[in-house]
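Chain residues, written in single-letter form:
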Protein chains: 4
Amino acid sequence: MFGNTFGRMFRITTCGESYSGGFRKDPAMPRELYGGQMVIVDGVPPGLKITAEIIQEELDKRKPGNSRLSTPRKEADRVFIYSGVMEDNLSTGAPIGMIIPSSDIEDVHIQQHKENRNLVRPGQASYTYYKKYGRYYDWAGAGRASARETAARVAGGAVAKQILDRLGIDVIAYIVESHGIKAAPVTYETAKANYRKNELNCPDLEKAKEMIDDLMMVKAAKDSCGGVVEVIAAGVPAGLGEPVFDKLSAMIAHAMISIGGVKGIEFGDGFKLAAMTGSESNDTPYYDKETGRIRFRTNRAGGLLGGISNGEEIRVRVAAKPTSTILQQQTTVDIAKGTSVEHVFASRSDPTICTRLYPVCEAMMRITLLDAIYMAEGYKKIASVIDPNWEQL
Amino acid sequence: MFGNTFGRMFRITTCGESYSGGFRKDPAMPRELYGGQMVIVDGVPPGLKITAEIIQEELDKRKPGNSRLSTPRKEADRVFIYSGVMEDNLSTGAPIGMIIPSSDIEDVHIQQHKENRNLVRPGQASYTYYKKYGRYYDWAGAGRASARETAARVAGGAVAKQILDRLGIDVIAYIVESHGIKAAPVTYETAKANYRKNELNCPDLEKAKEMIDDLMMVKAAKDSCGGVVEVIAAGVPAGLGEPVFDKLSAMIAHAMISIGGVKGIEFGDGFKLAAMTGSESNDTPYYDKETGRIRFRTNRAGGLLGGISNGEEIRVRVAAKPTSTILQQQTTVDIAKGTSVEHVFASRSDPTICTRLYPVCEAMMRITLLDAIYMAEGYKKIASVIDPNWEQL
Amino acid sequence: MFGNTFGRMFRITTCGESYSGGFRKDPAMPRELYGGQMVIVDGVPPGLKITAEIIQEELDKRKPGNSRLSTPRKEADRVFIYSGVMEDNLSTGAPIGMIIPSSDIEDVHIQQHKENRNLVRPGQASYTYYKKYGRYYDWAGAGRASARETAARVAGGAVAKQILDRLGIDVIAYIVESHGIKAAPVTYETAKANYRKNELNCPDLEKAKEMIDDLMMVKAAKDSCGGVVEVIAAGVPAGLGEPVFDKLSAMIAHAMISIGGVKGIEFGDGFKLAAMTGSESNDTPYYDKETGRIRFRTNRAGGLLGGISNGEEIRVRVAAKPTSTILQQQTTVDIAKGTSVEHVFASRSDPTICTRLYPVCEAMMRITLLDAIYMAEGYKKIASVIDPNWEQL
Amino acid sequence: MFGNTFGRMFRITTCGESYSGGFRKDPAMPRELYGGQMVIVDGVPPGLKITAEIIQEELDKRKPGNSRLSTPRKEADRVFIYSGVMEDNLSTGAPIGMIIPSSDIEDVHIQQHKENRNLVRPGQASYTYYKKYGRYYDWAGAGRASARETAARVAGGAVAKQILDRLGIDVIAYIVESHGIKAAPVTYETAKANYRKNELNCPDLEKAKEMIDDLMMVKAAKDSCGGVVEVIAAGVPAGLGEPVFDKLSAMIAHAMISIGGVKGIEFGDGFKLAAMTGSESNDTPYYDKETGRIRFRTNRAGGLLGGISNGEEIRVRVAAKPTSTILQQQTTVDIAKGTSVEHVFASRSDPTICTRLYPVCEAMMRITLLDAIYMAEGYKKIASVIDPNWEQL
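Let me begin by describing the structure that accompanies this report. (Residues numbered from 1 in each chain as written. Chains lettered and ligands numbered in written order. Predicted model: local features only at pLDDT ≥ 70, side-chain atom pairs only at ≥ 80, totals over all residues. Heavy atoms only, no water.)

**Some points on the relation of the copies chain D and chain B**
Phase 1 of the analysis: Overlaying chain D on chain B yields an RMSD of 0.0 Å, the required transformation being a rotation through 180° with an accompanying axial translation of 0.0 Å. The two molecules are tied by a two-fold rotation axis, judged by turn and shift. In terms of C-alpha distance to the rotation axis, chain D has Gly378 of chain D as its closest residue, with the C-alpha 1.9 Å off the axis. (Least-squares fit on C-alpha atoms with pLDDT ≥ 70 in both.)

Listed below in C-alpha cells is the structure:
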C-alpha cells in the first residue's frame with residue numbers, strides 16, 4: 001500500500017535503490033547481495049518458460065551505455081531468477097522473484113553524494129523525499145527515485161510479455177518527439193518495421209537523424225531535453241477494463257504517470273480533441289466482413305471508449321521532461337542552512353531519458369493489460385455459467 | 001475490485017445508472033427508490049458536519065440545465081443523507097451513504113433507447129459495454145457510462161471538501177480551452193477571483209465570451225466540441241504521495257482519466273516539456289524567509305517532483321473530448337445485423353462537457369488528495385515514534 | 001479500506017446503522033430514506049435474475065421475531081433493489097445497490113440510548129467505538145456494531161447464492177451447540193434434510209428440543225447464552241484458494257470472525273486435532289471410480305489442505321458468545337464520571353444469537369467462495385492459454 | 001492479489017520455495033542466489049535500525065534443529081538485508097528487501113521428490129496444489145506450502161517488532177497444549193517469565209516435561225501430534241481495528257489461519273463461551289484510578305469487543321494439526337494411475353509443529369497489529385483536525 005506494488009491480479013512488488021548496498025559491504029558476503037533491484041511477480045500462470053536470458057533481453061533495452069545518447073555509466077543489470085521456476089525452466093504458479101544486483105556501488109560516488117546531501121537537486125525528487133522521509137531520506141543516487149528502479153519494472157514486464165505473446169498482443173513503444181522535433185505519424189505496421197533501426201528508437205528514420213544531431217548538440221552544451229514516447233498495444237480484444245474508476249484508460253494512466261520523468265499522457269488524439277467537434281472526433285463504426293467484427297474507420301479514441309478497449313489499437317503518448325541531471329552549474333539551496341548555492345551536480349548524465357524510457361513504457365503497458373485480462377477472464381467465465389450465450393446479442 | 005471503488009483510505013464506492021429504475025416501477029414504492037446514483041463514503045472522520053445542503057452545493061455545480069450551454073434535461077439531483085451522520089448533523093465515523101434519485105425516468109425515453117439497442121453509438125461506450133457484458137448490457141441511457149454517474153463522485157468529493165477546507169487545501173477547476181480557443185494563463189489568485197463569473201467557468205473573462213459565442217454556434221450546428229479543464233490544488237503540503245507506483249501524480253492521473261470523456265492529462269508544463277531543455281525546465285529552489293520553507297522560482301513541475309508534492313500549487317490540465325452525443329445524423333452499424341445505418345441518436349445534448357466536467361475534476365482531486373493525506377499521516381506518526389526529530393535535517 | 005468492504009472480485013460495500021435516520025426526520029422525505037442498511041454488490045455477472053423477492057427470502061431468515069427465541073422487535077427488513085438490474089429483472093453487470101430501510105426508528109428508543117450514552121455496555125462495542133471515534137461515537141443502538149448491519153451481508157450473500165446455485169455449490173449453516181448442549185455429528189445429507197425443521201435450525205431434532213427448553217429457561221432468567229454454528233459448503237471444486245496469505249481457509253476465517261459475536265472458528269476437526277497424532281489425523285486419499293476423482297476416506301481437514309479446497313465438503317464451526325444484551329442489572333462504569341453504576345440496559349433481547357447468526361454465516365461463506373472462484377477462473381483461463389493440457393498430469 | 005502479500009499499510013510480500021534453486025545450479029552464480037525465501041517489507045518508517053543480526057534473532061527461533069523435538073535438517077536460515085537500509089544501518093523509508101537463501105538444496109532430495117511426484121502426500125498440500133497448478137505444480141519439498149515459507153513471515157515480523165517495541169507493545173506466543181496434554185492457564189507475566197525455559201516453549205514448566213516425554217514417545221513411534229499455541233499481545237491501546245469487515249479480530253484470524261497447519265483460532269474464552277450465559281461471559285468494566293482508564297475485571301473477550309481492541313491483553317489460541325509428514329507407511333494414491341499405493345514419504349520429520357510455529361504466530365500478530373496502528377493513526381490525526389477534543393467525551 002505504500003506504493004511499491006502495482007497490479008491487482010498480475011502484480012509486481014519491488015524494492016531496491018542505487019547505493020544502499022555500499023553501506024553494508026562485507027567481504028564474507030557475495031557482492032551480488034550488496035543490493036540493487038528486486039522484484040516479486042505474482043499471478044504468473046504455471047507452465048511458462050522463464051529463464052534469465054528471456055528477462056535479460058528486455059532489460060538490455062533499458063541499460064545505460066547502449067549508445068552515444070545515454071550515460072557512460074556501467075550498469076550490467078544482470079538478472080538472476082530466484083524463485084517460481086522449476087524443472088525445464090517452467091513456472092510453477094508460485095511468485096517469481098528476481099534479483100538485479102547493482103554492479104556499480106563505488107565508495108567515491110557515495111562520498112560525492114554525501115557531500116551534497118543537504119543540497120536540493122533541481123528537478124529531482126531529493127527535496128520531496130526529504131520532506132517525506134526527513135533526515136533519514138536516501139541522499140545517495142536518488143534512492144527509490146533513481147532510474148535504476150525501472151529495471152524491476154522491465155523485469156516484471158518481461159514476464160507479462162511471455163504471456164501476452166501467446167495471446168497475440170503486441171506492445172511497442174518508440175520516440176515520436178525529441179526537443180520539439182516531431183516525427184511523422186505512423187501506422188503500427190510502419191512503427192513495428194522501423195522502430196529499432198536507430199539508437200533513438202524512432203520509426204521516422206529521417207527525423208530520427210535530425211533528433212540525434214540535435215541531441216548531440218544538447219549533450220555538448222551539457223544540457224538535456226524532453227521528448228514524447230508513443231506506445232501501441234495491438235491485438236487487444238474489445239471489452240477490457242472495468243467501469244467506473246478502474247477503466248483500462250485510468251489504469252494505463254496510473255501505470256505510465258508512475259514512471260519517473262513522465263509528466264503527461266494522452267489517448268488517441270488526446271489534447272487535439274479539445275479543438276475538434278464531435279462530428280469530427282467520433283470514430284465511425286462499421287462491420288468488417290473479413291474479421292467478422294465491428295471496427296472503426298478512424299481511431300481518434302486511441303482504442304478506448306468509455307475507458308474500455310474497443311478492439312482497435314490502443315495508442316497513447318507520454319510526455320517526458322528533460323533529464324533533471326544536467327552537467328551545468330545550477331542555482332539551488334542548502335536545506336540545512338537555507339542559503340543559496342551554485343553547484344554542478346553530476347559528471348555524467350543522459351541528454352534525454354527517452355532512449356531508456358521506451359522499454360519501461362512497454363513493460364508498464366504489458367503489466368496493465370495482463371492484469372486487466374485476468375480481471376476480465378474470471379468474470380467472463382462466470383457470465384458463461386449464467387448464460388452460455390451471453391456474448392451473443 | 002470491479003472498478004466501482006476509488007481510494008485506499010478515503011474511498012468512495014458507487015452504483016447506479018440512468019434508467020434501471022424504470023424497469024421496477026411499483027406504485028407501492030416511493031419513487032425516490034426507483035433508482036439513480038448511490039455512494040458510500042468510507043474513511044470519514046467523526047465530528048464532521050454533513051448535511052444534505054452542504055453536499056447539494058457541490059452537486060448543483062454539475063447539474064444540467066444550469067445554462068444555455070448545457071442540456072435542457074431536468075435532473076434535480078437532490079441528495080439524501082442515508083447513514084453515518086447523527087446528532088447535530090455530525091459524522092460518527094461510520095461510512096456516509098448518500099442517495100441521489102433519478103427524477104427523470106420516463107418510459108418514452110426507455111422506449112427510444114430500446115429501439116436503438118442494437119445500434120453502436122458513435123464515440124460512446126455502448127459498443128465496449130456490449131462487448132464486456134454481452135446481450136445483457138445496459139442499453140438505456142448509457143448505463144454506468146452515463147454522465148449521471150459523476151453525481152456520486154461529486155457527492156463524495158463534497159465530503160472530502162469539508163475536511164480539506166479545515167486543512168487549508170483549496171481545489172478549483174476551470175475551463176482554459178474550448179474548441180481550440182485558449183484562455184490566457186492565470187495565477188491561482190486570478191483564477192480564484194474570476195472563475196465563477198461566467199456560465200463557462202472560465203477565468204479569462206474576455207476569452208470566455210468568445211468561447212461562449214462559439215459554443216452557441218456549435219450548438220446551432222447540432223454539433224459539440226472539446227476543451228481543456230485546468231485544476232489547481234493550493235495549500236498542499238510538501239511530501240504527499242508514495243513512491244514508486246502510487247506517486248501522487250499517478251493517483252491523480254488515475255482519478256482524472258477515470259472521468260468519462262477525459263482523454264489526456266498533463267502536470268505543470270506537461271507536453272510542452274518535450275520541447276524544452278533541462279536548464280529551462282528545472283524549477284530553481286530557494287529558501288523563502290517569509291514562510292520559512294523551500295520554494296521554487298517557477299512551477300513547471302506542477303507541484304510534483306518524483307511524483308511527490310513539493311509544496312507548490314499542484315496544477316494539472318485534462319483534455320475533454322467533444323460530447324459524443326450530437327444531434328446530427330451519423331453513420332453507424334447495427335450489431336445484430338452487421339448492416340450500416342444512418343441515425344440521429346438524440347434530441348438533446350450539451351455542446352461541451354466542460355461546463356459539467358469541472359466540478360467532477362474538483363471532486364476527484366479532493367478525494368485523491370485526502371486519501372494521500374491519510375496515507376501520509378499514519379506514517380508520519382510512526383516515524384515520530386522512532387525519532388521525534390525525524391523531520392529535521 | 002476502513003473496513004466496510006469485503007471481497008476482492010466479488011465484493012460488498014455496506015453502510016448503515018440502527019438509528020441515524022431518527023436524527024434527520026423530515027416530513028417531506030419518504031421514510032424509507034430515513035436510514036437503515038445499504039449495500040453495493042460489485043462483481044455481479046450479467047444476465048442474473050435478481051428481484052426483491054429473491055433477496056427477501058434470505059433476509060427473512062435473519063429477521064427478528066421469527067420465533068419465541070428471538071427479540072420481539074419489529075424489523076420488517078424489506079429490501080429494495082436500487083441499481084444494476086434492468087429488463088426482466090436481469091442484472092446488467094453493473095453493481096447492484098440495495099436498500100433495507102429501518103422501520104423501527106422511534107424517538108423513545110433514541111431517547112433511552114441518549115440517557116445512557118456515557119455508560120459502557122458490558123460485552124458490547126460501545127466502549128471500543130468510543131475509544132475509536134471519541135465523543136462523536138454512535139451511542140444509539142450500537143451503531144455499526146448493531147446486529148442490523150448483518151442484513152446488508154445477507155442481502156449480498158443472497159446475490160452470491162444465485163450464482164453458486166448454478167455452479168452446484170450448496171452452503172448450509174445450522175446450530176450444533178447451545179449453552180453447552182451439543183448436537184450429534186451429522187452428515188451433510190442429514191443436516192440438509194433436517195436443519196429447517198425447528199425454530200433453532202438444529203438438525204439433531206431430539207437435542208433441539210432440549211436446547212429450546214433450555215433457552216426458554218435462560219430467557220425466563222433474563223439471561224442469554226452462547227452456541228456453535230456449523231457451516232458446510234458442498235460441491236466446492238478442488239483447487240480454490242490462493243497461497244500463501246490468502247488461503248481459502250484464511251479468507252473464510254476473516255469472513256466469519258468479522259461477524260459480530262463470533263469468537264472462534266475451526267476447520268474440520270479443528271481444536272480436536274491438538275490431541276491427535278498424524279497417523280490419526282491424516283485423511284487417506286483414494287481414487288473414486290464413480291466420480292473419476294481423488295477423494296478422501298475421512299474429512300478431518302474440513303475440505304482444506306494447505307488452505308486450498310480438496311474437493312471434500314468444507315466444514316467449519318464458529319463459536320458464538322452469549323448475546324451481550326441481557327435484561328438483568330449489570331455493573332458498569334460511567335465514562336464521563338469514572339463512577340461505577342448498576343444498570344439494566346435493555347427491555348428486549350434474544351436469549352441466543354445463533355437463531356439469527358446462521359443465515360449470516362451462510363452469506364459470508366457464499367461471498368468468500370464466489371470471490372475465490374472469480375480469482376481462480378481468470379487464472380485457469382490464462383493457464384490454458386499457456387498449455388491447454390495444464391490440468392492433466 | 002494471488003495471495004503472496006499480507007497487510008494494508010504495513011505489508012509483506014514474499015516468494016520462494018524449498019528446492020527451485022536446485023534446477024538452476026550454475027557454477028558462475030553465487031549459491032546464495034540459487035533460491036530460498038525472499039521478502040519485501042513495505043511501510044517501514046525512516047530512522048529504524050535494521051541489521052541482519054536483529055532479524056536473525058527472530059529467525060533463529062524457528063529454525064529446525066534447535067532441539068530433539070525438531071527435524072535434524074540443516075537450514076541455516078541466514079538472512080541478508082538487500083535494500084531499504086543505509087548509513088548506520090538506519091531505514092530510509094524505502095521497502096526493506098531481505099533474502100534468506102536455502103542452504104540445503106541437494107540433488108538427492110530433489111530426486112526423491114521426483115520419484116514420488118505423482119503420489120498424493122496425506123495431510124499435505126500436494127494434491128490441492130496439483131489441482132490448482134496442474135502438471136506444473138511444485139512437487140519438490142512442498143513448494144510454497146513448505147514450512148520454510150514461514151521464514152519470510154518471521155523476517156517481516158522482526159521488522160514490525162522493532163517498531164512495536166518502541167510503542168510498548170509486546171507479543172509472545174507459547175505452547176499450551178500438546179497431544180492433548182494441557183498446560184495450566186497463565187497470566188501474561190508468568191508466561192513472559194517462563195516461556196523460554198524449555199525447548200517446547202511452554203510456560204507451565206511441569207506440564208512441559210510431561211509434554212516433552214510424550215513427544216519423545218510420539219517421535220519414537222514415527223508419528224507426530226498436534227497442539228495449541230497461545231498468543232498474547234500486551235500493551236495494545238484501545239480502539240484498534242476497523243468495523244465492519246476488517247475488525248482487528250478478523251485480521252488476526254486471517255493472519256493466523258494463513259499459517260500452514262493451523263486449523264482453528266479462538267479469542268479469549270473462545271469456544272468455551274458457547275456453554276456460558278451472558279451474565280457469566282460479559283466482562284465487567286470499571287474505572288482504574290491508577291492508570292486513569294477503563295479496564296475490565298475479567299478478559300473473557302480476549303481484549304476485543306466488537307472486534308476492536310479494548311485495552312486489555314489480546315489473547316488468542318490457535319490449533320495446530322499434527323505434522324502431516326510422518327515416518328510411517330501410509331496408504332495413498334498415484335494421481336497418474338489412479339491406483340492405491342503404500343508409501344513412507346520421508347526420512348525426517350518433526351513430532352510437532354508447535355516448536356517452530358510459535359515465532360511465526362508472533363510474527364503474524366505483530367504485522368497485523370502494526371498494520372492496524374498505521375490505519376488508526378492517520379485517521380486519528382484527521383479527527384484531531386476536525387476537533388482537537390474529539391477524544392474527550
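**A closer look at the interface of chain D and chain C**
Interface size is commonly expressed as the accessible area that is lost once the parts come together.
Phase 1 of the analysis: Listed as interface residues are 112 residues of chain D and, on the opposing side, 112 residues of chain C.
Phase 2 of the analysis: Here chain D packs against chain C, burying approximately 9300 Å² in sum over the two surfaces, 65% of which is carbon and sulfur.
Phase 3 of the analysis: If you sort the residues of chain D by the area they bury against chain C, Phe245, Lys263 and Leu393 of chain D come out on top, with a joint share of 10%.
Phase 4 of the analysis: For the pair chain D and chain C, the interface holds four salt bridges.
Phase 5 of the analysis: The partner of Arg135 of chain C in a salt bridge is Asp387 of chain D, and the shortest N-O contact between them spans 3.3 Å.
Phase 6 of the analysis: Taken together, the connections running from chain D to chain C amount to 52 residue pairs in polar contact (both at pLDDT 80 or more).
Phase 7 of the analysis: The element that contributes the greatest number of residues to the side of chain D that touches chain C is helix 3 (residues 126–133) of chain D, accounting for seven residues.
Phase 8 of the analysis: Among the residues making up the side of chain D that touches chain C, the classes are represented as 52 nonpolar, 41 polar and 19 charged. (Contact = heavy atoms within 4.5 Å. Buried area = accessible area lost by both parts, 1.4 Å probe. Salt bridge = Lys/Arg side-chain N within 4 Å of Asp/Glu carboxyl O. Polar contact = N/O pair within 3.5 Å; in protein donor to acceptor, adjacent residues only side chain to side chain. Helix = DSSP H or I, 4+ residues; strand = E, 2+ residues; numbered from the N terminus. Nonpolar A, V, L, I, M, F, W, Y, C, P; charged D, E, K, R; others polar.)

**Some thoughts on the relation of the copies chain D and chain C**
Phase 1 of the analysis: Take chain D, turn it by 180°, move it 0.0 Å along the axis, and it overlays chain C with an RMSD of 0.0 Å.
Phase 2 of the analysis: Most of the interface of chain D is mirrored in chain C, where 100% of its interface residues again form contacts.

**Here we look at the sheet that holds strand 9 (residues 262–267) of chain B**
Phase 1 of the analysis: Read across the open sheet, the 10 strands follow the order 7(A)-6(A)-8(A)-14(A)-9(A)-9(B)-14(B)-8(B)-6(B)-7(B); overall the sheet is antiparallel. At either end of the open sheet lies a strand with only one pairing partner, and these are strand 7 (181–182) of chain A together with strand 7 (181–182) of chain B.
Phase 2 of the analysis: Where helix 7 (residues 248–257) of chain B meets the sheet, it contacts strand 9 (262–267) of chain A together with strand 8 (227–234), strand 9 and strand 14 (314–320) of chain B, and its direction lies at approximately 155° from that of strand 9 of chain B. (Pairing = 2+ DSSP bridges. Axes fitted to C-alpha atoms, helices over the stretch in contact; angles between N-to-C directions.)

**Topic: the interface of chain D and chain B**
Phase 1 of the analysis: Each partner contributes residues to the interface: chain D has 24 residues there, and chain B has 24 residues.
Phase 2 of the analysis: Summed over both sides, the interface between chain D and chain B buries roughly 2100 Å², with carbon and sulfur atoms accounting for 80% of that surface.
Phase 3 of the analysis: The largest share of the area that chain D buries against chain B comes from Tyr379, Ile382 and Ile386 of chain D, three residues that together contribute 31% of it.
Phase 4 of the analysis: Across the contact surface, chain D and chain B share two salt bridges.
Phase 5 of the analysis: Between Lys381 of chain D and Glu377 of chain B there is a salt bridge, with its nearest N and O atoms 3.0 Å apart.
Phase 6 of the analysis: Contributing elements (two or more residues each) for the side of chain D that touches chain B: helix 4 (150–167) and helix 9 (354–386) of chain D.
Phase 7 of the analysis: With 11 residues, helix 9 of chain D is the single largest residue contributor to the side of chain D that touches chain B.
Phase 8 of the analysis: Looking at the side of chain D that touches chain B residue by residue, the classes come out as 17 nonpolar, four polar and three charged.

**Focus on the environment of Lys132 of chain D**
Phase 1 of the analysis: Checked against the element boundaries, Lys132 of chain D lands in helix 3.
Phase 2 of the analysis: Residue Lys132 of chain D is classed as buried on the basis of its relative accessible area of 4%.
Phase 3 of the analysis: The spacing of Lys132 of chain D and Ser67 of chain D is 65 residues in sequence and 35 Å in space, taken between C-alpha atoms.
Phase 4 of the analysis: Filtering out sequence-adjacent residues up to four positions away, Lys132 of chain D remains in contact with Gly239, Gly241, Glu242, Pro243, Ile308 and Trp390 of chain C.
Phase 5 of the analysis: Looking at Lys132 of chain D, its side chain comes within polar contact range of the main-chain oxygen of Gly241 of chain C, at 3.0 Å. (Buried < 20%, exposed > 50% of the residue type's maximum accessible area, 1.4 Å probe, protein only.)

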